[in-house]
Amino acid sequence: MPKRRFVVHLDMDAFFAAIEQRDNPDLRGQPVVIGADPKAGRGRGVVATCSYEARKFGIHSAMPISTAYQKCPRAIFLEPDMEKYISISDRIMEILYTFTHAVERVSVDEAFLDISDTYGHFGTPLQTCLLIKSRIKEAVGLTASVGLAPNKLAAKIASEISKPDGMVEVTPEKLLDFLRPMSLKKIWGLGEKSRLVLDKAGIKTIGELADRNISEIIALFGKTGAYFWQLANGIDEREVEPETEAKSVSNEFTFDEDTSAIPEIGAALLTLCEKVSSRLRQAGQKGKTVTLKIRFANFQTFTRAVTVKEPTNTVEIIYRKIKPLADSFLTKRKKVRLVGVKVSGLLPSDIQATLFKSAGEDRSEKLYQAIDKIREKFGYDSIYRSSTKIGRK
Ligand code: TTP
Ligand code: MG
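For clarity, every value in this text was computed on a predicted model and none was experimentally measured.

Colleague: Describe the overall build of the protein chain, with residues and values.
Modeller: If you tally the helices and strands in the protein chain, you get 14 helices and 12 strands. In the protein chain, which comprises 393 residues, the proportion classed as buried is 49%. For the protein chain, the accessible area works out to roughly 19500 Å², and carbon and sulfur atoms hold 53% of it.

Colleague: Can you break down the pairing of strand β7 (residues 144–149) residue by residue, with the values?
Modeller: Counted residue by residue, β7 has six buried out of six residues, so it is predominantly covered. Taking every second residue as pointing to the same face, both faces of β7 are buried, with Ala 144, Val 146 and Leu 148 on one and Ser 145, Gly 147 and Ala 149 on the other. In the sheet, strand β1 (residues 7–12) pairs with β7 via six bridges, with the strands oriented antiparallel. Across the sheet, the residue bridging to His 9 is Gly 147, located in β7. One ladder, built from three bridges, connects β7 with strand β8 (residues 167–169); its direction is parallel. Bridge assignment links Val 146 to a residue of β8, and that residue is Met 167. The β-α-β motif built from β7, the intervening helix α6 (residues 152–161) and the parallel element β8 has left-handed crossover chirality.

Colleague: Help me get a handle on the nonpolar core, residues and values and all.
Modeller: Inside soluble globular proteins, nonpolar side chains tend to come together where they are buried. The biggest cluster of nonpolar side chains holds 37 residues, and the ones touching the most others in it are Phe 15, Leu 96 and Ile 136. Listing elements by their share of this core, those giving two or more residues are β1, α1 (15–23), β2 (32–35), α4 (82–97), β6 (110–114), α5 (125–140) and β7. Setting aside residues up to four positions removed in sequence, Leu 96 forms contacts with Leu 10, Val 103, Ala 111, Leu 113, Ile 132 and Ile 136. Within the second largest apolar cluster, 28 residues are counted, among which are Ala 155, Leu 179, Ala 210 and Val 240.

Colleague: Help me get a handle on the coordination of the magnesium ion (ligand 2), residues and values and all.
Modeller: Around the magnesium ion (ligand 2), the protein contributes the donor atoms Asp 11 (OD), Met 12 (O) and Asp 109 (OD), at 2.0 to 2.2 Å from the metal centre. Angles of 80 to 180° at the metal separate the six donor atoms of the magnesium ion (ligand 2), which places the site in the octahedral class. Within one chain, the residues donating to the magnesium ion (ligand 2) are spaced in sequence as D-M-x96-D. Taking relative accessible area as the criterion, Asp 11 reaches 13% and is therefore assigned buried. On the basis of relative accessible area, Met 12 is assigned to the buried category, the value being 2%.

Colleague: Talk me through the sheet that holds strand β5 (residues 103–107); I want residue IDs and the actual numbers.
Modeller: Within the open sheet, the five strands sit side by side as β5-β6-β1-β7-β8. Their pairing is mixed. Each of the sheet's edge strands pairs with one partner strand only, and the pair in question is β5 and β8. Across the sheet, the mean angle from the axis of one strand to that of its neighbour is 15°, orientation sign disregarded. Inspection of the sheet shows β1 paired to β6 by five bridges, in the antiparallel sense. When the sheet's bridge partners are listed, His 9 is paired in β6 with Phe 112.

Colleague: Please provide a residue-by-residue account of the environment of Phe 178, values included.
Modeller: With respect to the secondary-structure elements, Phe 178 resides in helix α7 (residues 175–179). When its relative accessible area of 13% is taken as the criterion, Phe 178 is described as buried. In contact with Phe 178, not counting residues within four places along its chain, are Ala 154, Ile 157, Ala 158, Ile 161, Val 168 and Val 170.

Colleague: Which residues make up the sheet that holds β2, and what are the values?
Modeller: The sheet built from three strands is open, its strands ordered β3-β2-β4 with mixed pairing. The open sheet has two free edges, formed respectively by β3 (47–50) and β4 (76–78), since each of these has just one partner strand. Across the sheet, the mean angle from the axis of one strand to that of its neighbour is 25°, orientation sign disregarded. In terms of strand pairing, β2 meets β4 through three bridges, oriented parallel. Note that in β4 the partner of Val 32 across the bridge is Ile 76. Running at roughly 120° to β2, α1 makes contact with β2, β3 and β4 of the sheet.

Colleague: Before we move on, can you summarise the environment of Ala 144 with the specific residues and values?
Modeller: Tracing the backbone through its elements, the reader meets Ala 144 in strand β7. The class for Ala 144 is buried, based on a relative accessible area of 2%. Between the C-alpha atoms of Ala 144 and Met 167, which are 23 residues apart in sequence, the distance is 8.7 Å. Among all residues touching Ala 144, those that are not within four sequence positions of it are Leu 10, Asp 11, Met 12, Asp 13, Lys 133, Asp 165 and Gly 166.

Colleague: Break down the packing of α4 against α5 for me, with residues and values.
Modeller: Helices that pack against each other are described as a pair by the angle of their axes relative to one another and the distance between those axes. Their axes nearest at 10 Å, the elements α4 and α5 cross at an angle of 140°. Taken as a pair, α4 and α5 cross one another with a handedness that is right-handed. Facing α4, whose interface residues are Ile 88, Arg 91, Ile 92, Ile 95 and Leu 96, α5 presents Ile 132, Arg 135, Ile 136, Ala 139 and Val 140.

Colleague: Lay out the side chain of Lys 156 in plain terms, naming residues and giving numbers.
Modeller: Mapped onto the fold, Lys 156 is located in helix α6. Since its relative accessible area comes to 14%, Lys 156 is described here as buried. A polar atom in the side chain of Lys 156 sits 2.9 Å from the side chain of Glu 110. With sequence-adjacent residues up to four places away left out, Lys 156 is seen in contact with His 9, Glu 110, Phe 112 and Trp 188.

About the cut-offs
Residues numbered from 1 in each chain as written. Chains lettered and ligands numbered in written order. Predicted model: local features only at pLDDT ≥ 70, side-chain atom pairs only at ≥ 80, totals over all residues. Heavy atoms only, no water. Helix = DSSP H or I, 4+ residues; strand = E, 2+ residues; numbered from the N terminus. Buried < 20%, exposed > 50% of the residue type's maximum accessible area, 1.4 Å probe, protein only. Areas by Shrake-Rupley, 256 points an atom, 1.4 Å probe, with all protein chains shown as cover. Pairing = 2+ DSSP bridges. Right-handed = clockwise from strand over helix to strand, strands pointing away. Core = buried A, V, L, I, M, F, W, Y, C linked by side-chain atoms within 4.5 Å. Contact = heavy atoms within 4.5 Å. Donors = N, O, S within 2.8 Å, 3.2 Å for Na, K, Ca; no water. Tetrahedral: all angles 85-135°; square planar, octahedral: opposite > 155°, others 65-115°. Axes fitted to C-alpha atoms, helices over the stretch in contact; angles between N-to-C directions. Left-handed = near helix turned anticlockwise from the far one by under 90°. Polar contact = N/O pair within 3.5 Å; in protein donor to acceptor, adjacent residues only side chain to side chain.

What follows is the structure, given as C-alpha coordinates:
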(Lines give C-alpha, C1' and ligand atoms only; values in the text may rest on other atoms or scores of the structure.)
(Ligands and ions follow the chains in the order given, each with its own letter.)
Protein backbone atom coordinates (compact mmCIF):
# COMPACT_ATOMS: atom_id res chain seq x y z
CA MET A 1 0.00 0.00 0.00
CA PRO A 2 1.35 3.45 -0.81
CA LYS A 3 2.23 5.58 2.19
CA ARG A 4 -0.53 7.85 3.45
CA ARG A 5 0.08 11.45 2.44
CA PHE A 6 -0.66 14.47 4.58
CA VAL A 7 -0.78 17.57 2.43
CA VAL A 8 -1.44 20.94 4.02
CA HIS A 9 -2.59 24.12 2.28
CA LEU A 10 -2.31 27.34 4.21
CA ASP A 11 -3.67 30.72 3.15
CA MET A 12 -3.64 33.88 5.24
CA ASP A 13 -6.95 35.67 5.76
CA ALA A 14 -7.45 39.00 3.96
CA PHE A 15 -3.66 39.22 4.05
CA PHE A 16 -2.76 42.83 3.17
CA ALA A 17 -5.88 44.21 4.87
CA ALA A 18 -5.39 42.11 8.01
CA ILE A 19 -1.84 43.46 8.36
CA GLU A 20 -3.07 47.06 8.19
CA GLN A 21 -5.78 46.28 10.75
CA ARG A 22 -3.20 44.67 12.98
CA ASP A 23 -0.97 47.75 12.80
CA ASN A 24 -3.69 50.32 13.30
CA PRO A 25 -6.40 49.56 15.85
CA ASP A 26 -8.64 52.26 14.33
CA LEU A 27 -9.01 50.06 11.27
CA ARG A 28 -10.24 47.00 13.12
CA GLY A 29 -13.88 46.11 12.47
CA GLN A 30 -13.88 48.59 9.59
CA PRO A 31 -14.22 48.09 5.84
CA VAL A 32 -10.62 48.47 4.65
CA VAL A 33 -9.70 48.36 0.97
CA ILE A 34 -6.10 47.97 -0.18
CA GLY A 35 -5.42 49.09 -3.73
CA ALA A 36 -5.15 52.09 -5.98
CA ASP A 37 -6.18 55.56 -4.83
CA PRO A 38 -9.97 55.80 -5.45
CA LYS A 39 -9.80 59.59 -5.96
CA ALA A 40 -13.39 59.94 -4.80
CA GLY A 41 -14.61 57.48 -7.39
CA ARG A 42 -12.56 58.76 -10.30
CA GLY A 43 -9.46 56.72 -9.56
CA ARG A 44 -8.15 54.07 -11.93
CA GLY A 45 -6.61 50.75 -10.97
CA VAL A 46 -7.97 47.90 -8.94
CA VAL A 47 -8.56 46.47 -5.50
CA ALA A 48 -5.68 44.25 -4.32
CA THR A 49 -7.74 42.94 -1.42
CA CYS A 50 -10.10 44.10 1.30
CA SER A 51 -11.09 43.27 4.85
CA TYR A 52 -13.95 40.87 5.50
CA GLU A 53 -16.01 43.87 6.65
CA ALA A 54 -15.56 45.41 3.18
CA ARG A 55 -16.51 42.13 1.50
CA LYS A 56 -20.00 42.50 2.96
CA PHE A 57 -20.45 45.46 0.61
CA GLY A 58 -19.62 43.25 -2.38
CA ILE A 59 -16.05 44.50 -2.72
CA HIS A 60 -13.42 41.97 -3.83
CA SER A 61 -9.92 41.60 -5.27
CA ALA A 62 -9.38 42.76 -8.87
CA MET A 63 -12.53 44.92 -8.85
CA PRO A 64 -12.01 48.43 -10.27
CA ILE A 65 -11.25 50.74 -7.38
CA SER A 66 -13.93 53.15 -8.64
CA THR A 67 -16.56 50.41 -8.27
CA ALA A 68 -15.32 49.65 -4.78
CA TYR A 69 -15.71 53.33 -3.94
CA GLN A 70 -19.29 53.35 -5.22
CA LYS A 71 -20.13 50.30 -3.15
CA CYS A 72 -18.77 51.77 0.05
CA PRO A 73 -17.51 55.36 -0.05
CA ARG A 74 -16.89 55.36 3.69
CA ALA A 75 -14.45 52.46 3.46
CA ILE A 76 -10.87 53.21 4.38
CA PHE A 77 -8.76 53.07 1.22
CA LEU A 78 -5.04 52.40 1.59
CA GLU A 79 -2.26 51.91 -0.89
CA PRO A 80 -0.26 48.70 -0.49
CA ASP A 81 2.98 48.66 1.49
CA MET A 82 4.55 45.71 -0.30
CA GLU A 83 7.83 45.87 1.54
CA LYS A 84 6.02 45.35 4.83
CA TYR A 85 3.83 42.56 3.48
CA ILE A 86 6.78 40.66 2.03
CA SER A 87 8.75 40.78 5.23
CA ILE A 88 5.76 39.34 7.12
CA SER A 89 5.33 36.75 4.38
CA ASP A 90 8.99 35.78 4.78
CA ARG A 91 8.53 35.40 8.51
CA ILE A 92 5.51 33.14 7.98
CA MET A 93 7.46 30.99 5.53
CA GLU A 94 10.28 30.68 8.06
CA ILE A 95 7.77 29.34 10.57
CA LEU A 96 6.49 26.83 8.02
CA TYR A 97 10.04 25.57 7.46
CA THR A 98 10.24 24.61 11.10
CA PHE A 99 7.52 22.01 10.46
CA THR A 100 8.98 20.47 7.29
CA HIS A 101 11.37 21.42 4.53
CA ALA A 102 8.70 20.38 2.00
CA VAL A 103 7.20 23.86 1.73
CA GLU A 104 5.98 25.17 -1.61
CA ARG A 105 5.34 28.88 -1.56
CA VAL A 106 2.52 29.54 -3.98
CA SER A 107 2.08 33.27 -3.46
CA VAL A 108 2.73 35.95 -0.83
CA ASP A 109 0.29 34.44 1.62
CA GLU A 110 -0.16 30.87 0.52
CA ALA A 111 1.81 27.65 0.70
CA PHE A 112 1.54 23.90 0.46
CA LEU A 113 3.36 21.70 2.97
CA ASP A 114 3.87 17.97 3.00
CA ILE A 115 4.00 16.91 6.63
CA SER A 116 3.84 13.15 6.01
CA ASP A 117 7.37 12.57 7.32
CA THR A 118 7.49 15.15 10.09
CA TYR A 119 4.11 15.43 11.84
CA GLY A 120 5.20 12.81 14.40
CA HIS A 121 7.39 15.46 16.07
CA PHE A 122 4.33 17.60 16.79
CA GLY A 123 1.51 15.13 17.45
CA THR A 124 -1.14 14.04 14.96
CA PRO A 125 -1.32 15.70 11.52
CA LEU A 126 -4.32 17.73 12.71
CA GLN A 127 -2.50 18.84 15.88
CA THR A 128 0.44 19.83 13.69
CA CYS A 129 -1.81 22.07 11.61
CA LEU A 130 -3.32 23.68 14.70
CA LEU A 131 0.20 24.30 15.99
CA ILE A 132 1.19 25.91 12.68
CA LYS A 133 -1.79 28.24 12.99
CA SER A 134 -1.02 29.18 16.57
CA ARG A 135 2.71 29.71 15.91
CA ILE A 136 1.83 32.09 13.09
CA LYS A 137 -0.69 33.91 15.29
CA GLU A 138 1.90 34.27 18.04
CA ALA A 139 4.69 35.41 15.76
CA VAL A 140 2.91 37.83 13.44
CA GLY A 141 -0.52 38.33 15.02
CA LEU A 142 -2.48 37.18 11.99
CA THR A 143 -4.88 34.34 11.26
CA ALA A 144 -4.44 31.67 8.62
CA SER A 145 -6.89 29.17 7.21
CA VAL A 146 -5.62 25.65 6.82
CA GLY A 147 -6.73 22.57 4.92
CA LEU A 148 -5.32 19.11 5.61
CA ALA A 149 -6.01 16.37 3.07
CA PRO A 150 -4.51 13.42 1.22
CA ASN A 151 -3.78 15.59 -1.84
CA LYS A 152 -3.23 19.14 -3.03
CA LEU A 153 -6.64 19.71 -4.62
CA ALA A 154 -8.59 18.73 -1.52
CA ALA A 155 -6.19 20.57 0.82
CA LYS A 156 -6.64 23.79 -1.15
CA ILE A 157 -10.41 23.51 -1.21
CA ALA A 158 -10.42 22.69 2.50
CA SER A 159 -8.50 25.84 3.43
CA GLU A 160 -10.73 27.97 1.23
CA ILE A 161 -14.06 26.80 2.63
CA SER A 162 -12.92 27.23 6.20
CA LYS A 163 -12.05 30.92 5.93
CA PRO A 164 -11.41 32.95 8.01
CA ASP A 165 -9.29 31.44 10.77
CA GLY A 166 -10.42 27.97 9.78
CA MET A 167 -9.15 24.45 9.89
CA VAL A 168 -10.67 21.59 7.90
CA GLU A 169 -9.35 18.05 7.77
CA VAL A 170 -10.31 15.69 4.96
CA THR A 171 -9.52 12.04 5.60
CA PRO A 172 -9.01 9.54 2.76
CA GLU A 173 -12.34 7.91 3.68
CA LYS A 174 -14.19 11.21 3.36
CA LEU A 175 -12.28 12.50 0.33
CA LEU A 176 -14.84 11.69 -2.37
CA ASP A 177 -17.83 12.84 -0.32
CA PHE A 178 -15.97 16.05 0.39
CA LEU A 179 -15.25 16.75 -3.27
CA ARG A 180 -18.57 15.71 -4.83
CA PRO A 181 -20.79 18.71 -4.02
CA MET A 182 -18.10 21.27 -4.90
CA SER A 183 -18.46 23.52 -7.92
CA LEU A 184 -16.06 22.93 -10.80
CA LYS A 185 -14.70 26.41 -10.03
CA LYS A 186 -12.84 24.82 -7.15
CA ILE A 187 -10.60 22.86 -9.53
CA TRP A 188 -7.83 25.33 -10.23
CA GLY A 189 -6.49 24.84 -13.74
CA LEU A 190 -9.97 24.14 -15.05
CA GLY A 191 -10.72 27.47 -16.62
CA GLU A 192 -13.89 29.28 -17.54
CA LYS A 193 -13.96 27.89 -21.10
CA SER A 194 -13.64 24.28 -19.97
CA ARG A 195 -16.34 24.90 -17.40
CA LEU A 196 -18.70 26.11 -20.11
CA VAL A 197 -18.05 22.96 -22.15
CA LEU A 198 -18.81 20.79 -19.11
CA ASP A 199 -21.85 22.88 -18.28
CA LYS A 200 -23.26 22.18 -21.74
CA ALA A 201 -22.79 18.48 -21.06
CA GLY A 202 -24.84 18.92 -17.88
CA ILE A 203 -21.85 18.76 -15.53
CA LYS A 204 -21.73 21.42 -12.82
CA THR A 205 -20.19 19.76 -9.79
CA ILE A 206 -17.11 17.68 -9.16
CA GLY A 207 -19.35 14.71 -8.36
CA GLU A 208 -21.15 14.98 -11.69
CA LEU A 209 -17.80 14.98 -13.45
CA ALA A 210 -16.63 11.97 -11.43
CA ASP A 211 -19.75 9.98 -12.36
CA ARG A 212 -19.22 10.25 -16.12
CA ASN A 213 -17.25 7.76 -18.08
CA ILE A 214 -13.62 8.87 -18.44
CA SER A 215 -13.80 8.36 -22.24
CA GLU A 216 -16.58 10.93 -22.46
CA ILE A 217 -14.41 13.56 -20.81
CA ILE A 218 -11.39 12.61 -22.92
CA ALA A 219 -13.57 13.10 -26.01
CA LEU A 220 -14.21 16.68 -24.84
CA PHE A 221 -10.69 17.72 -23.79
CA GLY A 222 -8.20 15.11 -24.90
CA LYS A 223 -5.55 14.08 -22.37
CA THR A 224 -6.37 17.00 -20.08
CA GLY A 225 -9.84 15.49 -19.80
CA ALA A 226 -8.39 12.38 -18.19
CA TYR A 227 -6.56 14.61 -15.73
CA PHE A 228 -9.72 16.55 -14.79
CA TRP A 229 -11.64 13.29 -14.42
CA GLN A 230 -8.96 11.86 -12.13
CA LEU A 231 -8.97 14.99 -9.96
CA ALA A 232 -12.75 14.72 -9.65
CA ASN A 233 -12.28 11.13 -8.51
CA GLY A 234 -9.85 12.14 -5.79
CA ILE A 235 -6.75 11.11 -7.71
CA ASP A 236 -4.15 13.87 -7.52
CA GLU A 237 -0.54 12.75 -7.36
CA ARG A 238 0.98 16.23 -7.59
CA GLU A 239 3.84 16.57 -5.14
CA VAL A 240 4.52 19.51 -2.90
CA GLU A 241 7.48 21.09 -4.66
CA PRO A 242 9.86 22.99 -2.39
CA GLU A 243 11.67 25.99 -3.79
CA THR A 244 15.21 25.47 -4.91
CA GLU A 245 17.85 26.25 -2.38
CA ALA A 246 18.43 29.86 -1.40
CA LYS A 247 21.55 31.42 -2.84
CA SER A 248 21.87 34.05 -0.19
CA VAL A 249 20.59 35.09 3.21
CA SER A 250 20.01 38.73 3.99
CA ASN A 251 18.35 41.08 6.44
CA GLU A 252 17.71 44.80 6.36
CA PHE A 253 16.79 47.39 8.90
CA THR A 254 15.19 50.79 8.44
CA PHE A 255 15.80 53.27 11.25
CA ASP A 256 12.76 54.86 12.84
CA GLU A 257 14.46 58.15 12.18
CA ASP A 258 17.32 58.70 9.77
CA THR A 259 20.56 58.82 11.77
CA SER A 260 24.23 59.60 11.52
CA ALA A 261 25.04 58.27 15.02
CA ILE A 262 27.83 55.77 14.49
CA PRO A 263 27.10 53.68 17.64
CA GLU A 264 23.44 53.34 16.63
CA ILE A 265 24.36 52.26 13.10
CA GLY A 266 26.98 49.86 14.47
CA ALA A 267 24.41 48.29 16.81
CA ALA A 268 21.94 47.84 13.95
CA LEU A 269 24.62 46.19 11.84
CA LEU A 270 25.57 43.85 14.64
CA THR A 271 21.94 42.80 15.11
CA LEU A 272 21.65 42.16 11.38
CA CYS A 273 24.84 40.07 11.42
CA GLU A 274 23.37 38.05 14.28
CA LYS A 275 20.14 37.46 12.37
CA VAL A 276 21.89 36.46 9.17
CA SER A 277 24.28 34.22 11.07
CA SER A 278 21.47 32.51 12.92
CA ARG A 279 19.49 31.90 9.73
CA LEU A 280 22.58 30.49 8.03
CA ARG A 281 23.22 28.17 10.93
CA GLN A 282 19.60 27.05 10.98
CA ALA A 283 19.81 26.32 7.28
CA GLY A 284 23.11 24.52 7.75
CA GLN A 285 24.88 26.84 5.35
CA LYS A 286 27.99 28.99 5.12
CA GLY A 287 28.76 31.74 2.65
CA LYS A 288 31.83 33.21 0.99
CA THR A 289 30.64 36.71 0.19
CA VAL A 290 29.55 39.33 2.70
CA THR A 291 27.70 42.37 1.37
CA LEU A 292 26.79 45.63 3.04
CA LYS A 293 23.89 47.72 1.83
CA ILE A 294 23.48 51.28 2.95
CA ARG A 295 20.77 53.75 1.99
CA PHE A 296 21.03 57.41 2.87
CA ALA A 297 18.19 59.76 3.75
CA ASN A 298 18.03 60.91 0.13
CA PHE A 299 17.49 57.27 -0.94
CA GLN A 300 20.94 57.06 -2.52
CA THR A 301 21.81 53.39 -2.08
CA PHE A 302 25.20 51.64 -2.13
CA THR A 303 26.30 48.05 -1.79
CA ARG A 304 29.84 46.83 -1.11
CA ALA A 305 30.95 43.22 -0.99
CA VAL A 306 34.00 41.36 0.30
CA THR A 307 34.95 37.74 0.03
CA VAL A 308 36.15 35.73 3.00
CA LYS A 309 38.82 33.05 2.74
CA GLU A 310 36.82 30.30 4.38
CA PRO A 311 33.03 30.08 4.03
CA THR A 312 31.50 31.36 7.25
CA ASN A 313 28.30 31.67 9.25
CA THR A 314 29.66 33.15 12.48
CA VAL A 315 28.58 36.58 13.73
CA GLU A 316 32.08 37.72 14.61
CA ILE A 317 33.52 37.11 11.17
CA ILE A 318 30.56 38.59 9.33
CA TYR A 319 30.58 41.69 11.54
CA ARG A 320 34.35 42.08 11.24
CA LYS A 321 33.92 42.27 7.47
CA ILE A 322 30.84 44.49 7.50
CA LYS A 323 31.97 47.14 9.96
CA PRO A 324 34.90 48.54 7.94
CA LEU A 325 32.75 48.59 4.82
CA ALA A 326 30.19 50.67 6.69
CA ASP A 327 32.82 52.92 8.29
CA SER A 328 34.06 53.98 4.90
CA PHE A 329 30.60 55.45 4.20
CA LEU A 330 29.79 57.11 7.47
CA THR A 331 30.21 60.81 8.00
CA LYS A 332 28.56 63.12 10.51
CA ARG A 333 26.77 65.00 7.79
CA LYS A 334 25.05 62.19 5.92
CA LYS A 335 22.11 60.54 7.61
CA VAL A 336 21.47 56.87 7.07
CA ARG A 337 17.99 55.51 6.42
CA LEU A 338 18.59 51.79 6.03
CA VAL A 339 21.33 49.21 6.42
CA GLY A 340 21.42 45.63 5.20
CA VAL A 341 23.69 42.61 5.51
CA LYS A 342 23.82 39.74 3.07
CA VAL A 343 25.86 36.57 2.93
CA SER A 344 25.92 34.81 -0.44
CA GLY A 345 27.84 32.15 -2.30
CA LEU A 346 26.33 29.57 0.02
CA LEU A 347 27.59 26.07 0.56
CA PRO A 348 26.26 23.41 2.89
CA SER A 349 28.18 23.54 6.17
CA ASP A 350 27.64 19.81 6.75
CA ILE A 351 25.29 16.95 6.02
CA GLN A 352 22.53 18.64 8.03
CA ALA A 353 22.22 21.13 5.23
CA THR A 354 19.74 19.01 3.39
CA LEU A 355 17.37 18.96 6.35
CA PHE A 356 16.22 22.54 6.58
CA LYS A 357 16.97 24.57 3.55
CA SER A 358 16.02 27.86 2.03
CA ALA A 359 16.12 30.19 4.99
CA GLY A 360 16.00 33.29 2.87
CA GLU A 361 16.98 35.01 -0.30
CA ASP A 362 17.94 38.38 -1.52
CA ARG A 363 15.02 40.46 -0.30
CA SER A 364 14.44 42.63 -3.28
CA GLU A 365 14.71 39.65 -5.56
CA LYS A 366 12.17 37.92 -3.41
CA LEU A 367 9.92 40.96 -3.48
CA TYR A 368 9.97 41.04 -7.25
CA GLN A 369 9.39 37.31 -7.39
CA ALA A 370 6.39 37.67 -5.10
CA ILE A 371 4.98 40.51 -7.15
CA ASP A 372 5.56 38.44 -10.29
CA LYS A 373 3.69 35.55 -8.74
CA ILE A 374 0.69 37.72 -7.95
CA ARG A 375 0.78 39.13 -11.45
CA GLU A 376 1.09 35.69 -12.98
CA LYS A 377 -1.92 34.62 -11.02
CA PHE A 378 -4.17 37.63 -11.17
CA GLY A 379 -2.89 39.68 -14.10
CA TYR A 380 -0.44 42.51 -14.38
CA ASP A 381 -2.67 45.21 -13.00
CA SER A 382 -3.82 43.19 -10.03
CA ILE A 383 -1.19 44.79 -7.92
CA TYR A 384 0.50 48.05 -7.64
CA ARG A 385 -1.03 50.23 -10.20
CA SER A 386 -0.23 53.32 -8.23
CA SER A 387 3.15 52.20 -7.11
CA THR A 388 4.90 54.52 -4.73
CA LYS A 389 7.86 52.96 -3.04
CA ILE A 390 8.81 49.88 -4.94
CA GLY A 391 7.61 47.59 -7.64
CA ARG A 392 9.06 49.76 -10.32
CA LYS A 393 12.64 50.61 -11.02
P1 TTP B 1 -5.61 36.06 -1.46
O2 TTP B 1 -5.13 34.99 -0.53
O3 TTP B 1 -6.30 35.66 -2.70
O4 TTP B 1 -6.61 37.03 -0.68
P5 TTP B 1 -6.59 37.53 0.83
O6 TTP B 1 -5.52 36.86 1.63
O7 TTP B 1 -6.55 39.01 0.84
O8 TTP B 1 -8.02 37.08 1.36
P9 TTP B 1 -8.54 35.61 1.68
O10 TTP B 1 -8.89 35.62 3.13
O11 TTP B 1 -9.72 35.42 0.81
O12 TTP B 1 -7.41 34.66 1.36
O13 TTP B 1 -4.40 36.96 -1.86
C14 TTP B 1 -3.35 37.28 -0.97
C15 TTP B 1 -2.89 38.70 -1.17
O16 TTP B 1 -2.47 38.88 -2.53
C17 TTP B 1 -3.97 39.73 -0.91
O18 TTP B 1 -4.06 40.10 0.45
C19 TTP B 1 -3.57 40.84 -1.83
C20 TTP B 1 -2.81 40.17 -2.98
N21 TTP B 1 -3.69 40.12 -4.17
C22 TTP B 1 -3.57 41.12 -5.11
O23 TTP B 1 -2.74 42.01 -4.98
N24 TTP B 1 -4.42 41.10 -6.19
C25 TTP B 1 -5.38 40.14 -6.35
O26 TTP B 1 -6.14 40.17 -7.34
C27 TTP B 1 -5.48 39.13 -5.35
C28 TTP B 1 -6.55 38.06 -5.47
C29 TTP B 1 -4.62 39.16 -4.28
MG1 MG C 1 -5.24 34.83 1.54
